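What follows is the residue order along each chain.
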Amino acid sequence: MIPLTLLPGRTDTTRIGRDRLELLTGLIKAPSFDPLFRDTLIFIPPQHSVFAWQCGVDGCERIRRVSHNLCGSHCIEWEQAERAGQSKRAFMNAATPLPAARGVDYGRCRICPDRPALSPTTQLCHQHQNRWQYGSAARIDRKHLKRWALDQHALPGFGLCKARCPFLACGSVGLCIQHQARYQTEQRPGGARSERIHGRIKDGRPLPVTYDDESAFHAWCATTGPVSQPGLINLHPLPPLLRAEIQWGLHTHAQAAQHSEWTTNGIRNLVRHCRRGGITSLTDLHDQGYKDLTPKQMNSEVRKIIWEVVNGLRCVYYSPSDTKDVGFLETDHFGRRFKNAQSNFNITAVPQRWLRDLLWDHLAEWLRSPQCPRTRGPFDQMRRAAVELGASSSRLTPPTPATTPPCCAVNTPSGSSPTSATATACHPWGWSWSTDDPPPSPT
């Protein structure tokens, strides 16, 4: 195995100082990583076990809403049927499936592998679609389309879309089908157009392109948003580290036994906000990073996704020793996850560093032990006891390491400690003294 290298100029050897992109890249290439999330274009299956996006009506190709797992049209129909007393099962069986409303990719032309198809029925590019409809092929029955296609010649493609898009361009201007339609709707900034030369049109070769303002056209290509397609998460415009963080977040969310609900629309909104804001890492958006954004710019679902992804990334970016220095534990580092709880367990509220380190060692020993509590309650109690002990005993001096008692209390159930400071203060590790007197020296 090739060892991971440090970033240029780094002198520290902690996990924080390593190249985060290398760490995530190694994890993404691992055999245990779901191949579905490895590509920059992630096509979520319509009925994915975690990220399902298609309407629940059998055969309906439209995007579902979160409320009833139905598309917008079927939601309206179901509300009417429910008021009429119809059962959900009867409605689902009788509902009529609807075709996709927008943003559908029909793949590549069946004749030209470098050109996109315009129609789901014929699967032909623009040039061959015209030949089929308006040429001698118009007299041929549609069932002979495959035989007709065998006599046609493949035409050269136009390359990838210039609008920072991984889809194939459909014309000489260099835009895919959806970006070409958007370009026309937005009044064609820069005035890009292809010159019509009859010989070139006939043989299908790319035509020369002229511009009213070429810089304006390229500026539009650089700033326009990615195309929208049901089930598609397009990470192509994002920086490599941010892209890897989202890929890792999608994988870990899908693998978790307990998880919240993420919609593909919410994930696309996250990608859109990061692209517009020039974000290079999700850690830049965590905590105070998005405090100035309005709810419209950063809705609750996007905030939730960021918070959960960053929580999961801590186990990658921090080693156990790093978490001790910062003041928290990651239960995932020890192979444990409490029910209805995150991996992160914060202990920064303990005021004394030496007391916080003792608490960290004690909780880590618990997590390594077969007798680890099955719920997080004892951990919360131990943290509360340490916080109250540190607040009420500011005169406490740290014990010398050579005489520190063992980290598990043997006189209390499950090693727990009192949760409030009384007339007699009790240390979580077995000491007791009056709060009016200095603590005894351990012997």
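Please read these numbers as outputs of a predicted model, since none were measured by experiment.

Chemist: Explanation requested: the overall build of the protein chain in the structure shown.
Modeler: Summing up its helical and strand segments, the protein chain has 14 helices and 8 strands in all. When the 443 residues of the protein chain are sorted by exposure, 40% land in the buried category. For the protein chain, restricting intrachain contacts to residue pairs at least 6 apart in sequence, the fraction spanning at least 24 positions comes to 54%. Just so you have it, the protein chain exposes about 24200 Å², and 51% of that area is on carbon and sulfur atoms.

Chemist: Would you take a moment to explain unusual backbone geometry for this structure?
Modeler: For Gln-187, which is not glycine, the phi torsion reads 65° and is therefore positive. The residue Gln-187 is located in the loop between helix H6 (177–185) and strand E2 (193–194) in this model. At Arg-188, a residue that is not glycine, the phi angle is positive and equals roughly 50°. Mapped onto the elements of the fold, Arg-188 is located in the loop between H6 and E2. Judged by its relative accessible area of 28%, Arg-188 is partly exposed.

Chemist: In this structure, what is going on with the pattern of salt bridges? I would like to understand it.
Modeler: A side chain with one charge may pair with a side chain of the opposite charge, provided their charged atoms come close. This model, assessed by the stated rule, comprises 7 salt bridges. In this structure, the salt-bridge partner of Arg-353 is Asp-357, at a minimum N-O distance of 2.9 Å. Pair noted here: Arg-353 and Asp-357 are both in helix H13 (residues 353–368), with a separation of 4 residues, about one helical turn. What makes Arg-353 partly exposed here is its relative accessible area of 38%. The salt bridge involving Arg-383 is made with Asp-380; its shortest N-O contact spans 3.0 Å. Placement of the pair is Arg-383 and Asp-380 together in helix H14 (residues 377–392), with a separation of 3 residues, close to one helical turn. A residue is classified by how much of its surface remains accessible, and Asp-380, at 21% relative accessible area, is partly exposed. A network of salt bridges, in which partner residues are shared, links Asp-325, Arg-353 and Asp-357.

Chemist: Which parts of the structure should I look at to understand the packing of helix H1 (residues 20–28) against helix H11 (residues 300–317)?
Modeler: The relative placement of two packed helices comes down to the angle between their axes together with the axis-to-axis distance. Following both chains from N to C, one finds H1 and H11 inclined at 100°, their axes separated by 10 Å at the closest point. Looking at the two axes, H1 sits roughly perpendicular to H11. Along its contact with H1, which presents Arg-20, Leu-23, Leu-24 and Leu-27, the element H11 presents Leu-313, Val-316 and Tyr-317. Partitioning the contact of H1 with H11 into residue classes produces 6 nonpolar, no polar and 1 charged.

Chemist: Hey, could you run me through the nonpolar core in this one?
Modeler: When a protein is soluble and globular, its nonpolar side chains tend to lie buried together. With 35 residues, the main nonpolar core has Phe-37, Phe-51, Ile-246, Leu-250, Leu-270, Cys-274 and Leu-282 as its most contacted residues. Listed by contribution, the elements that provide at least two residues to this core are H1, helix H9 (240–255), helix H10 (264–277) and H11. Looking at which element gives the most residues to this core, the answer is H11, with 8 residues. Contacts of Leu-282, omitting those with residues within four sequence positions, involve Leu-242, Glu-245, Ile-246, Leu-270, Cys-274, Ile-306, Val-309 and Val-310. The next biggest cluster of nonpolar side chains, apart from the first, holds 21 residues, and it includes Leu-355, Leu-358, Trp-360 and Phe-379.

Scoring rules and cut-offs
Residues numbered from 1 in each chain as written. Predicted model: local features only at pLDDT ≥ 70, side-chain atom pairs only at ≥ 80, totals over all residues. Heavy atoms only, no water. Helix = DSSP H or I, 4+ residues; strand = E, 2+ residues; numbered from the N terminus. Buried < 20%, exposed > 50% of the residue type's maximum accessible area, 1.4 Å probe, protein only. Contact = heavy atoms within 4.5 Å. Areas by Shrake-Rupley, 256 points an atom, 1.4 Å probe, with all protein chains shown as cover. Salt bridge = Lys/Arg side-chain N within 4 Å of Asp/Glu carboxyl O. Axes fitted to C-alpha atoms, helices over the stretch in contact; angles between N-to-C directions. Parallel < 35°, antiparallel > 145°, perpendicular 65-115°, else oblique. Nonpolar A, V, L, I, M, F, W, Y, C, P; charged D, E, K, R; others polar. Core = buried A, V, L, I, M, F, W, Y, C linked by side-chain atoms within 4.5 Å.

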